[in-house]
Amino acid sequence: MSESEGDAKLEVVKQASKDVKESENVAEKYSAMTVSKNSEMNMGELSSAFSAVPTHKPVKKQIQFVEDKQEFSRFPTKTGRRSLSRSISQSSTDSYSSAASYTDSSDDETSPRDKTQVNSKGSSDFCVKNIKQAEFGRREIEIAEQDMSALISLRKRAQSEKPLAGAKIVGCTHITAQTAVLIETLVALGAQCRWTACNIYSTQNEVAAALSETGVAVFAWKGESEDDFWWCIDHCVNSEGWQPNTILDDGGDLTHWMYKKYPNVFKKIRGIVEESVTGVHRLYQLSKAGKLCVPAMNVNDSVTKQKFDNLYCCRESILDGLKRTTDIMFGGKQVVVCGYGEVGKGCCAALKALGAIVCVTEIDPICALQACMDGFRVVKLNEVIRQVDVTITCTGNKNVVTRDQLDRMKNGSIVCNMGHSNTEIDVASLRTPELTWERVRSQVDHVIWPDGKRVILLAEGRLLNLSCSTVPTFVLSITATTQALALIELYNAPEGRYKQDVYLLPKKMDEYVASLHLATFDAHLTELSDDQAKYLGLNKNGPFKPNYYRY
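Predicted, not measured: the structure shown is a model, and the values here were computed from it.

Our focus in this paragraph is the packing of aromatic side chains. Going through the model one piece at a time under the given rule, you end up with nine aromatic pairs. When the centroid spacing of 5.2 Å and the interplanar angle of 85° are considered together, the rings of Phe474 and Phe521 count as edge-to-face. Residue Phe474 is located in helix H19 (residues 473-492), and its partner Phe521 is located in the loop between helix H20 (507-518) and helix H21 (530-536); the two are separated by 47 residues in the primary sequence. The buried category is assigned to Phe474, whose relative accessible area is 17%. Here a set of aromatic residues connected by ring pairs shows up, and it is made of Phe229, Trp230 and Trp257. The residue whose ring lies beneath Lys352 is Phe376, and the NZ or CZ to ring-centre distance is 5.1 Å. The positively charged end of Lys453 is found above the aromatic ring belonging to Trp449, 4.2 Å away from the centroid.

And the structure:
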């Protein structure tokens, strides 16, 4: 081949590479939502159709509250606080591939608590990383809205009625673009909102800034310390001239804080909506002790939350979180999943599909039998702890993985948590002088034993998917719609409908939420004839299943 021919071929290759790159720019997809006639229901009909049933679920494992002494004696002081993110190297915080928020947190070493920031409206009633990131956060929210068409549809339908006019909602959830769509929906329906984060690592700083810019009082940033966490909750609740009357919680920390520190305010709350296993356990404990003085809605055990947020969401996000943080190849890896509830089922299904060898630990014989029938070995953790490559907890319990078990793990083992609370892995026992912690990537620590063994700990034992990656927007739309409807019902319920107890969403409400999302898939429901409905003893418009039905 001549030199001129070689140069010509090189130019062809370069041009082809350029064409491929240009073809990768994909236009944004916008989908218009058409709701089936089965889902047509105004807010008045919705309220009358909603008659939730009190439940008294036995709590097999007691989830203890944080000791008052530990919690309140360590109330944030300026001297003692330090943002956890400050211990991370700049190269780690700049690693976009392993963070849920695409914000470069290394640009400002000052704690948000030490800065005075003002939004464009002149308000300083918020505390976020950097209010100047609001424009970027707004774009993130707009992207999320495209896949949350059902929630947007609910917003448009109820906006004129303002069913939440007068509601003062204080919220403690993950602060992400998807949550922002929920918060702005609540505001559009007439509510005033103050918000804080339920997880110190899951906040998207740019989204928190965008919400603060619109006037929502947000107190949260990615990488808070424990002291910052409680300080943010307190400032969210304790605001001069503003008293909350409704709570939206994820984990129960906000509810517990108000119950212990502001009992007079707590007694005036009209209702609590709780979406996590941990938070629901806490509510049932209060109810059992006769200390729950307000009605509460258990969203966690609604079908739309259990099956979609817990099962389908975790089936996809477990892989995303592990890949972003460790770049692991799953084929042939030995994995133990602690807990085979909906979250555990989702994790196991995803890992098995990629060729991992998965076994399960369980306390419940029914869940254990399900795991066996799905093709998974059911073992005790001590039986496999020396061999496994990855240990994943998803039980909602405490001390599922103990220091003794961490000591016996092999070199290079990965440990992470998919449950809400950070109590499942005994991380506190690893903070001892003989062990060395090495931050190798954002939310990825190597814990090094004296003999050189390394255990890879993700997100310091906190929720993996929201701390280290993202979760599917569509699934969060289902949960957010359920939460919005539960808040509307509790706030508008006539006096006496709900007593001081914990209630489940009825099937009618679950079915309504599901129907709002069917249009996304162009799904068409079959309708019962009058004769068929009479034969089954059902209303043609639902509910189609009794409350005891298991999906």
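This brings us to the confidence of the model for the protein chain. When pLDDT is averaged along the protein chain, the result is 84; 80% of the residues meet or exceed 70. Between residues 16-41, whose pLDDT stays under 50, and residues either more than four places distant or in other chains, the model counts 29 contacts. When the criterion is pLDDT under 50, residues 56-106 qualifies, and its contacts beyond four places in sequence or with other chains add up to 113 contacts.

Counting residues in hydrophobic clusters, the biggest one holds 57 residues, and the most contacted among them are Leu164, Ile169, Ile175, Leu186, Trp195 and Val218. Listed by contribution, the elements that provide at least two residues to this core are helix H5 (134-146), helix H6 (149-158), helix H7 (177-188), strand E3 (192-197), helix H8 (205-214), H19 and H20. For this core, the leading source of residues is H19, giving ten residues. Within the second largest apolar cluster, 34 residues are counted, among which are Ala217, Phe219, Trp230 and Trp231.

Glancing now at the environment of Ile233. Inspection of the secondary structure puts Ile233 in helix H9 (residues 226-237). The class for Ile233 is buried, based on a relative accessible area of 0%. Sequence separation of Ile233 and Cys172 is 61 residues, and the distance between their C-alpha atoms is 7.7 Å. Ile233 has contacts with Cys172, Thr196, Asp253, Leu254 and Trp257, leaving out every residue within four places of it along the chain.

Residue position: Asp389 is located in the loop between helix H16 (381-384) and strand E11 (390-393). The exposure class of Asp389 is buried, given its relative accessible area of 18%. Of the polar contacts made by the side chain of Asp389, one reaches the side chain of Lys410; its length is 2.8 Å. If sequence neighbours within four positions are ignored, Asp389 has contacts with Lys333, Gln334, Lys410, Gly412, Ser413 and Ile414.

What follows concerns helix H15 (residues 365-373). Taken as a whole, H15 has its buried residues at Cys367, Ala368 and Ala371. Buried residues of H15, viewed axially, fall in a sector of 100°; they line one side. For H15, exposure combined with an orientation more than 90 degrees from the buried face picks out Pro365, Ile366, Leu369 and Met373. For H15, the secondary structure elements touched by its buried residues are strand E9 (357-361) and strand E10 (377-378). Two to three positions downstream of the cap, the backbone nitrogen of Ile366 sits 2.8 Å from a side-chain oxygen, assigning the N-cap of H15 to Asp364. Phi for Gly375, located one or two positions after H15, is positive at around 95°.

For the structure shown, the criterion picks out 20 salt bridges. Glu460 is the partner of Arg439 in a salt bridge, and the nearest nitrogen-oxygen pair spans 3.1 Å. You can see Arg439 sitting in strand E13 (residues 436-441) and its partner Glu460 sitting in the loop between strand E15 (454-458) and helix H18 (464-468), a full 21 residues away along the chain. Take Arg439 and Glu460: they sit in the same class, and that class is buried. The salt bridge partner of Lys540 is Asp530, with a shortest N-O separation of 3.1 Å. You can see Lys540 sitting in the segment after H21 and its partner Asp530 sitting in helix H21, a full ten residues away along the chain. A relative accessible area of 37% places Lys540 in the partly exposed class. One network of salt bridges, with partners in common, ties together Arg431, Arg439, Asp445 and Glu460.

Let us look at the sheet that holds E10. The mixed open sheet is built from eight strands, whose spatial order is E10-E9-E8-E11-E12-E15-E14-E13. Of all strands in the sheet, those with a lone pairing partner are E10 and E13, marking the two edges. Here E11 runs beside strand E12 (residues 413-417); their pairing, made up of four bridges, is parallel. The residue of E12 that forms the bridge with Ile392 is Cys416.

What counts, and where the lines are drawn
Residues numbered from 1 in each chain as written. Predicted model: local features only at pLDDT ≥ 70, side-chain atom pairs only at ≥ 80, totals over all residues. Heavy atoms only, no water. Phe/Tyr/Trp six-rings, centres within 6.5 Å; stacked < 30°, edge-to-face > 60°. Helix = DSSP H or I, 4+ residues; strand = E, 2+ residues; numbered from the N terminus. Buried < 20%, exposed > 50% of the residue type's maximum accessible area, 1.4 Å probe, protein only. Lys NZ or Arg CZ within 6 Å of the ring centre and 35° of its normal. pLDDT = per-residue confidence, 0-100. Contact = heavy atoms within 4.5 Å. Core = buried A, V, L, I, M, F, W, Y, C linked by side-chain atoms within 4.5 Å. Polar contact = N/O pair within 3.5 Å; in protein donor to acceptor, adjacent residues only side chain to side chain. Arc of directions from axis to C-beta. Salt bridge = Lys/Arg side-chain N within 4 Å of Asp/Glu carboxyl O. Pairing = 2+ DSSP bridges.

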